[in-house]
Amino acid sequence: MTDPLAPLHALAGTGRAHVLAADIGGSFVKLAGAGADALPLARASLPNPAQSWPDFVETLRALADAADPERRLPLALSVAGTIDPDTGASLAANISCITGRSLKRELTVALGRRVDAANDADCFALAEALRGAGQGHRTVFGVILGTGVGGGLIWNGRILEGAGGVSGEWGHGPVLTDLVVAGRTVPAFACGCGQVGCVDASGSARGMERIDAALHPERPARDSRAIVEAWRLSEADAQSTVETWLGRLAGPLALVLNATGASVVPVGGGLSNAPDLLTALDARLRASILRRSDAPIVRPAELGPEAGLVGAALLGLGAGQD
């Protein structure tokens, strides 16, 4: 039987790793040993026992000790949830066992090594700001466009932490209203956060699908990938869907850039795999902001699925926070 921790065992004792980084998702815990440049050297993953704190701790212990049995290296976490910078308390909808707990304090004691933690969108933004598409920019707004809409704000290489651990969350807030397109109403959809009119409910992949269903109720439902492919082929229905989707995103994103002064927007998540879609969003955005720019602002993220690990590694190496 193959040992899932074998890559980490092979890294242990080589002296190549300077930090351990973990990407904590609702289903899996992925951990890597990273070098001084924060880039992963070896990685492994285990299922996340998200409902049990003792099992969660043991999963992290198994992964971390496989890479660093002497417990000399710090461990930094990229977490799918918020972390209050004042209290340290975590809140994660899909990882119930960490909600209300101070990951830094409790895991430092439980694992016998220094632990740090930050929101996954913040880690993504930090990684792209320092190692990806945002390099060379003072203010970077990293955006996630996938099953949801999220973001993180980086200023001078530091994560901008908000009250209660909330910052960069441009996906939530009742900013959109009902819209009539060619006689059809695209409503301000209800959001999972409990509000109506959030960008998350309209600008995500699921939001694109809701817009398509509202504009073209006579046709069978289709997923966002099919809509984007039809848009590329100039299908009229898909054209109206994507144009509406772009409008639902570009206005709120322009407001974020005008308010923060961000000069680049690296985009991750499933929809970032359609670079032509991001080019269209960039054109809409640059026509809507106060600052004029001939250079693209919305750019595909460069680090792909490694961004969470790279961002966490940077955090563990001392970047990203004061």
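Residues numbered from 1 in each chain as written. Predicted model: local features only at pLDDT ≥ 70, side-chain atom pairs only at ≥ 80, totals over all residues. Heavy atoms only, no water.

1. Details of the overall build of the protein chain
Tallying secondary structure elements over the protein chain gives 10 helices and 14 strands in all. Computed over the C-alpha atoms, the radius of gyration of the protein chain is 20 Å, within 12% of the 20 Å expected from 2.2 N^0.38 for a compact globule of 322 residues. In terms of principal-axis extent, the alpha carbons of the protein chain reach across some 65 × 40 × 35 Å. Expressed as a percentage of the 322 residues in the protein chain, the buried residues total 53%. Counted over contacts in the protein chain with a minimum sequence separation of 6, partners at least 24 positions apart contribute 64%. Positive and negative side-chain charges of the protein chain, numbering 27 and 33 respectively, have mean locations separated by a distance of 3 Å. (Helix = DSSP H or I, 4+ residues; strand = E, 2+ residues; numbered from the N terminus. Rg over C-alpha atoms; globule rule 2.2 N^0.38 Å. Buried < 20%, exposed > 50% of the residue type's maximum accessible area, 1.4 Å probe, protein only. Contact = heavy atoms within 4.5 Å. Lys, Arg positive; Asp, Glu negative; His and termini not counted. Charge placed at Lys NZ, Arg CZ, Asp CG, Glu CD.)

2. Re the pairing of strand β9 (residues 149-155)
Counting buried positions along β9 gives six out of seven residues, so the element sits mostly inside the fold. Strand direction decides the pairing type here: strand β8 (residues 139-145) and β9, joined by seven bridges, are antiparallel. Across the sheet, residue valine 143 finds its bridge partner in β9, namely glycine 151. With antiparallel pairing between neighbouring strands as the criterion, β8 and β9 make up a hairpin whose turn holds three residues. Across two bridges, the pairing between β9 and strand β10 (residues 158-159) is antiparallel. Residue pairing for β10: tryptophan 155 is matched across the bridge by arginine 158. (Pairing = 2+ DSSP bridges.)

3. Here we look at the packing of aromatic side chains
Taken as a whole and assessed by the stated rule, the structure comprises two aromatic pairs. Each ring, one from phenylalanine 141 and one from tryptophan 170, has its centre 6.3 Å from the other, and the planes form 75 degrees; the classification is edge-to-face. Of this pair, phenylalanine 141 sits in strand β8 while tryptophan 170 sits in the loop between β10 and β11 (179-181); the two residues are 29 residues apart in sequence, bridging distant segments of the chain. Across this residue pair, the class does not change: phenylalanine 141 and tryptophan 170 are buried. (Phe/Tyr/Trp six-rings, centres within 6.5 Å; stacked < 30°, edge-to-face > 60°.)

4. Thoughts on the packing of helix α7 (residues 224-232) against helix α8 (residues 236-260)
Contact pair α7 / α8: the axes reach a minimum separation of 8 Å and the direction vectors enclose 110 degrees. Considering the angle they form, α7 stands roughly perpendicular to α8. Classified by chirality, the crossing of α8 by α7 is left-handed. Seen from α7, the contacting residues are Ile227, Ala230 and Trp231; seen from α8, they are Ala238, Gln239, Thr241 and Val242. Classifying every residue of the contact of α7 with α8 by side-chain character gives five nonpolar, two polar and no charged. (Axes fitted to C-alpha atoms, helices over the stretch in contact; angles between N-to-C directions. Parallel < 35°, antiparallel > 145°, perpendicular 65-115°, else oblique. Left-handed = near helix turned anticlockwise from the far one by under 90°. Nonpolar A, V, L, I, M, F, W, Y, C, P; charged D, E, K, R; others polar.)

5. Observations concerning the sheet that holds strand β2 (residues 28-34)
Reading across the sheet, the five strands line up as β3-β2-β1-β4-β7 and stay open at both edges, with mixed pairing between neighbours. Only two strands of the sheet have a single partner each, and these edge strands are β3 (40-47) and β7 (115-119). Neighbouring strand axes in the sheet, compared pairwise and without regard to direction, differ in orientation by 20 degrees on average. Two strands pair when backbone bridges link them, and β2 and β3 are joined in this way by seven bridges, in the antiparallel orientation. Considered in β3, the bridge of alanine 34 is made with proline 40. Across the sheet, helix α2 (residues 53-67) is in contact with β1 (19-24), β2, β3 and β4 (75-79); its angle to β2 comes to roughly 25 degrees. Packed onto the sheet, helix α10 (residues 307-316) meets β1, β2, β3, β4 and β7 and runs at close to 135 degrees relative to β1.

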